[in-house]
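Breakdown of the fold
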Amino acid sequence: MSIVVTGATGHLGRHVVEQLLEKVPAEQVTAVVRSAGKAADLAARGVRIAVADYDAPETFDGLFAAGDKVLLISGNEVGRDRVGQHRVVIDAAKAAGVALLAYTSAPGSLTAALADDHRATEEVLLASGLPYVLLRNGWYHENYTENLAPVLEHHAVLAAAGEGRVSSASRADYAAAAVAVLTGEGHENRTYELGGDEAWSFAEYAAELSRQTGEEIVYNPVTPEALTGIMTGAGVPEPAAAAFAGADVSIGRGELVVDSGDLSRLAGRPTTPLAEAVAAALKG
Ligand SMILES: NC(=O)c1ccc[n+]([C@@H]2O[C@H](COP(=O)([O-])OP(=O)(O)OC[C@H]3O[C@@H](n4cnc5c(N)ncnc54)[C@H](OP(=O)(O)O)[C@@H]3O)[C@@H](O)[C@H]2O)c1
């Protein structure tokens, strides 16, 4: 029996494995990765490594065992058949008779196109009859704090979110919720709406950046079309730029404010304040 984490060499997956290792012996953790080389550090610490690819169903044959608890971290290739990719993992988990499959989804309130794959995957998971947990992750702080260079250069935060607010949290916070579910009891067939304790607006974000940098940084609200154009002009592929702009529209409508309290409850502590994530990013 193992706790199995897919996408383990991704940003969220690494946080999950790191936090699991604080709670359970390394030999009880299996990292599912596409490249064993990328996971060499985890193997050195005693984590079991399984090499598999959502695009190659046969690589999941025999990967899971009865009683395993599985975290399926959603794929990151927007525009691919992500639902088909996730179905490969769910089918293999079902065939093995795992005890639990937790899936990193999107907030139930999110209507942006980005959420379509998540809603469809949730349906596949529920139809499988497996004991499930839906970890409906809200936005990451890192969506913003990892992209500070153009903001600092132009002294402007650009977004197509109007006055909308977003309750983001750090990836480490979402990982803590996943670890609580994977190592705790009584989470079967539960849906958690996960978001940071505090929602913020882009004007407030710009003000926080100004405060911490000592420079004047303003919020420039733009239309979704303008944002898509600016992003494609900067080299972002059109589908990704359109998906970003669509997410901003959802923020403008308040769809990424998650006030359930589920995240801090599962993590057992308050979520990371945006100001803290900004400070860490500015420190570099
Ligand atoms: N809530 C948010 O704000 C937000 C923002 C961005 C993304 N997301 C979603 O949340 C997921 C986790 O976030 P993250 O920051 O950890 O993303 P990430 O760093 O891009 O990690 C994605 C992981 O998925 C793995 N993966 C992708 N395609 C795969 C395939 N065909 N077979 C097996 N593994 C595959 C990647 O493997 P490699 O390590 O081999 O590349 C990587 O480990 C993302 O994939 C995306 O669905 C959420």
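This report concerns the structure included in the present document. All figures in this text were calculated on a predicted structure; none of them were measured in a lab. (Residues numbered from 1 in each chain as written. Predicted model: local features only at pLDDT ≥ 70, side-chain atom pairs only at ≥ 80, totals over all residues. Heavy atoms only, no water.)

Our next topic: helix α8 (residues 202–213). The end-to-end C-alpha distance of α8 is 16 Å, a good match for the 16 Å that twelve residues give at a rise of 1.5 Å each. Taken together, the buried positions of α8 are occupied by F202, Y205, A206, E208, L209 and S210. The positive-phi residue at the C-terminal boundary of α8 is G214, with phi of around 75°. (Helix = DSSP H or I, 4+ residues; strand = E, 2+ residues; numbered from the N terminus. Expected span 1.5 Å × (residues − 1). Buried < 20%, exposed > 50% of the residue type's maximum accessible area, 1.4 Å probe, protein only.)

Turning our eyes to something else, we now look at the sheet that holds strand β5 (residues 100–105). Read across the open sheet, the seven strands follow the order β3-β2-β1-β4-β5-β6-β9; overall the sheet is parallel. What marks the edges here is a single partner per strand, and that holds for β3 (48–51) and β9 (190–194). Sheet twist, expressed as the average angle between the axes of neighbouring strands with direction ignored, equals 20°. Two elements, strand β4 (residues 69–72) and β5, share four bridges in a ladder whose sense is parallel. Across the sheet, residue V70 finds its bridge partner in β5, namely L101. (Pairing = 2+ DSSP bridges. Axes fitted to C-alpha atoms, helices over the stretch in contact; angles between N-to-C directions.)

Moving on to the packing of aromatic side chains. Following the criterion strictly, the structure yields nine aromatic pairs and no others. Aromatic rings pair up to connect Y144, W200, F202, Y205 and Y219 into one cluster. (Phe/Tyr/Trp six-rings, centres within 6.5 Å; stacked < 30°, edge-to-face > 60°.)

Near the ligand there are 23 residues, and of these T9, H11, L12, S74 and G75 occur at the shortest range. R171 places a polar side-chain atom, nitrogen or oxygen, 2.8 Å from an oxygen atom of the ligand. Considering the ligand on its own, with 890 Å² of exposed area, one finds that the protein chains cover 84% of that surface. When residues of the shell around the ligand are traced back to their parent elements, those giving at least two are α1 (11–21) and α3 (82–96). (Near = heavy atom within 4 Å. Polar contact = N/O pair within 3.5 Å; in protein donor to acceptor, adjacent residues only side chain to side chain. Areas by Shrake-Rupley, 256 points an atom, 1.4 Å probe, with all protein chains shown as cover.)

So, on to the packing of helix α9 (residues 224–233) against helix α10 (residues 238–252). Close contact between α9 and α10 brings their axes to 9 Å; oriented N to C, the two are set at 145°. Here α9 runs over α10; the crossing is right-handed. Contact with α9, carried on its side by P224, L227, T228, M231 and T232, involves E238, A241, A242, F244, A245, D248 and V249 of α10 and no other residues of that element. Residue classes in the contact of α9 with α10 are distributed as eight nonpolar, two polar and two charged. (Left-handed = near helix turned anticlockwise from the far one by under 90°. Contact = heavy atoms within 4.5 Å. Nonpolar A, V, L, I, M, F, W, Y, C, P; charged D, E, K, R; others polar.)

Residue placement: H86 occurs in helix α3. Setting aside residues no more than four positions away along its own chain, H86 makes contact with L72, S74, G75, Y103 and T121.

Everything listed is a geometric property; what it means functionally is a separate question.
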